[in-house]
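# Close look at the chain arrangement
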Amino acid sequence: MLDITEDALEELITTYARHIATTTGRTPDRSLRRYRDGIVSDTAAADRAACWLRLVSIVEIYAETLLRRLSGEVPSRPPGGWNDVAQGLKRRHNIDVTAVEGSARLEACIIVRNAVAHGLGRFTAKQVEKELPRKMRLIDVPVRDGAVVITSDALAGCAETCRVFVTALDAHPRP
């Protein structure tokens, strides 16, 4: 196992454990806050969304670091997102991330992360146009009124998906 893999796994475990430690035993926050576009949320939902963002970002940073490590150099320009990293791994190192265990579930986790990051949990028009909300069924993330609902169970599933993908990517055969 590569040192960067061990670091990524440690970050995933630590991030999720901190979330659990800080939210367990907390009385439910009944005060709801209204955000733009009529989105209503509470502190617990915001905590779960923040943890989800961090977990998926750790995986993306890991994959980008792996790409750099395998290239033996820093690419001429940094990747512009997950698709650039995946294409770089495929083009330069013949590693197809779609063939890595957990990749379909990770893709769905990335869609949720993007909905949270770019629309406070609501799907963007572009995501709806591409019918991406349908992929939420794969990871059991409910969609209500056009927005993702990150439950505690869904967050635990995201943490496990990220762990499985990072471990499988590390073990993936390299030329």
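A quick note: this is a predicted structure, and the numbers were derived from the prediction, not measured.

The rules behind the values
- Residues numbered from 1 in each chain as written.
- Predicted model: local features only at pLDDT ≥ 70, side-chain atom pairs only at ≥ 80, totals over all residues.
- Heavy atoms only, no water.
- Core = buried A, V, L, I, M, F, W, Y, C linked by side-chain atoms within 4.5 Å.
- Buried < 20%, exposed > 50% of the residue type's maximum accessible area, 1.4 Å probe, protein only.
- Helix = DSSP H or I, 4+ residues; strand = E, 2+ residues; numbered from the N terminus.
- Contact = heavy atoms within 4.5 Å.
- Polar contact = N/O pair within 3.5 Å; in protein donor to acceptor, adjacent residues only side chain to side chain.
- Expected span 1.5 Å × (residues − 1).

## Observations concerning the nonpolar core
Here is a general trend for soluble globular proteins: nonpolar side chains tend to be buried in one another's company. In terms of nonpolar packing, the biggest core is built from 46 residues, with Trp52, Val112, Met136 and Leu169 touching the most fellow members. Listed by contribution, the elements that provide at least two residues to this core are helix H1 (3-23), helix H2 (43-71), helix H3 (82-93), helix H4 (103-119) and helix H6 (152-171). The element that contributes the greatest number of residues to this core is H2, accounting for 11 residues. Apart from residues no more than four positions distant in its own chain, Trp52 is found in contact with Cys109, Val112, Arg113, Ile139, Val141, Ile150, Ala154, Leu155 and Cys158.

## Section: the side chain of Arg113
By the element assignment, Arg113 lies in helix H4. Within polar-contact distance, the side chain of Arg113 engages the side chain of Glu60 at 2.7 Å. Once residues lying within four places of it in the same chain are set aside, the contact partners of Arg113 are Trp52, Leu53, Val56, Ser57 and Glu60.

## Structural notes on H4
For H4, spanning 17 residues, the distance from its first C-alpha to its last is 23 Å, which sits close to the expected 24 Å at 1.5 Å a residue. Every buried residue of H4 is accounted for by Ser103, Leu106, Ala108, Cys109, Ile110, Ile111, Val112, Arg113, Ala115, Val116 and Gly119. Buried residues belonging to H4 abut H2, H3, helix H5 (125-129), strand S4 (147-148) and H6. After H4 finishes, the residue Leu120 shows a positive phi value of roughly 50 degrees.

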